[in-house]
Amino acid sequence: MSPVQDIVAFAIQTHLKHYSTPEQSTLLTTDASLATESAKDSMIGVLINLQYLVKKEITRQLTHLKRRRNQEHARIYQLPNEVFVEIVRAATSFASDITDPFTLMRVSKYWFDTVAR
């Protein structure tokens, strides 16, 4: 597992251990290390960083899964690159509003990679 995945797994385990039921919701009320304001501020910083890392990891995993789904199931991704390039060239020659290759590159990573070649 990556370091981010380890942190996320630890955070989830801690959360489930201390917050899964009202009776177990004792982490912040009994932890003596959070008795001072600066300790609480520090913990807030840690939790904000953890929140950022979790969002980043979820976004990365979601992007990967969407790309994999497209590559495995979308018909256009099953075309040989040469055929796809010819289709793009033909479409751009007929469409006068698509003169900038960056327009095509914004469609998907696959299109970006193909147009960039």
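We now turn to the structure provided with this report. Just so it is clear, the model here is predicted, and its values are computed rather than measured.

On to a nonpolar patch on the surface. Residues Met 43, Val 46 and Leu 47 make up a contiguous nonpolar surface patch of roughly 240 Å² in combined accessible area. Mapped onto the elements of the fold, Val 46 is located in helix H3 (residues 37-73).

With that settled, consider the nonpolar core. Counting residues in hydrophobic clusters, the biggest one holds 6 residues: Tyr 77, Phe 84, Val 88, Leu 104, Tyr 110 and Trp 111. Where this core is concerned, the elements lending two or more residues are helix H4 (81-94) and helix H6 (109-116).

Our next topic: the layout of surface pockets. Roughly 200 Å³ of internal volume is contained in the second largest pocket. Residue lining of the second largest pocket: 12 residues in total, with Val 85, Val 88, Arg 89, Thr 114 and Val 115 positioned closest to the centre. Where the lining of the second largest pocket is concerned, the elements lending two or more residues are H4, helix H5 (101-105) and H6. Residues of the lining of the second largest pocket, tallied by class, amount to 6 nonpolar, 3 polar and 3 charged.

In this section: the side chain of Ser 108. By the secondary structure assignment, Ser 108 is in the loop between H5 and H6. Taking the relative accessible area as the measure of exposure, Ser 108 reaches 18% and is therefore buried. At a separation of 3.2 Å, a polar atom in the side chain of Ser 108 contacts the main-chain amide nitrogen of Trp 111.

So, on to the side chain of Glu 57. Its location among the elements puts Glu 57 in helix H3. Reaching out from Glu 57, the side chain makes a polar contact with the side chain of Arg 60 at a distance of 2.9 Å.

On to the packing of aromatic side chains, then. Counted according to the given criterion, the structure contains 2 aromatic pairs. Ring centres of Phe 84 and Tyr 110 lie 5.2 Å apart, and the angle between their planes is 45 degrees; this geometry places the pair in the tilted category. With Phe 84 in helix H4 and Tyr 110 in helix H6, the pair connects residues that are 26 residues apart, well separated along the chain. Residue Phe 84 shares its accessibility class with Tyr 110, and that shared class is buried.

This paragraph deals with the pattern of salt bridges. Two side chains that carry opposite charge are able to pair once their charged atoms sit near each other. Counting across every chain of the model gives 4 salt bridges. Between Arg 89 and Glu 86 there is a salt bridge, with the nearest N and O atoms lying 3.1 Å from each other. In this pair, Arg 89 and Glu 86 are both assigned in helix H4, 3 residues apart and thus about one turn of the helix distant. Relative accessible area serves as the criterion here: at 54%, Arg 89 is assigned to the exposed category. By relative accessible area, Glu 86 is classed as partly exposed at 46%. Its salt-bridge partner being Lys 109, residue Asp 113 comes within 3.4 Å of it at the nearest N-O pair. Placement of the pair is Asp 113 and Lys 109 together in helix H6, with a separation of 4 residues, close to one helical turn.

Parameters and conventions
- Residues numbered from 1 in each chain as written.
- Predicted model: local features only at pLDDT ≥ 70, side-chain atom pairs only at ≥ 80, totals over all residues.
- Heavy atoms only, no water.
- Patch = residues over 30% accessible without salt bridge, like charges linked within 9 Å, V, L, I, M, F, W, Y side chains within 5 Å.
- Areas by Shrake-Rupley, 256 points an atom, 1.4 Å probe, with all protein chains shown as cover.
- Salt bridge = Lys/Arg side-chain N within 4 Å of Asp/Glu carboxyl O.
- Helix = DSSP H or I, 4+ residues; strand = E, 2+ residues; numbered from the N terminus.
- Core = buried A, V, L, I, M, F, W, Y, C linked by side-chain atoms within 4.5 Å.
- Buried < 20%, exposed > 50% of the residue type's maximum accessible area, 1.4 Å probe, protein only.
- 1 Å grid on protein atoms, 1.4 Å probe; cavity = no way out; pocket = protein on both sides within 12 Å on 5 of 7 lines; lining within 4 Å.
- Points joined across faces, edges and corners; volume = space filled by probe spheres on them.
- Nonpolar A, V, L, I, M, F, W, Y, C, P; charged D, E, K, R; others polar.
- Polar contact = N/O pair within 3.5 Å; in protein donor to acceptor, adjacent residues only side chain to side chain.
- Phe/Tyr/Trp six-rings, centres within 6.5 Å; stacked < 30°, edge-to-face > 60°.

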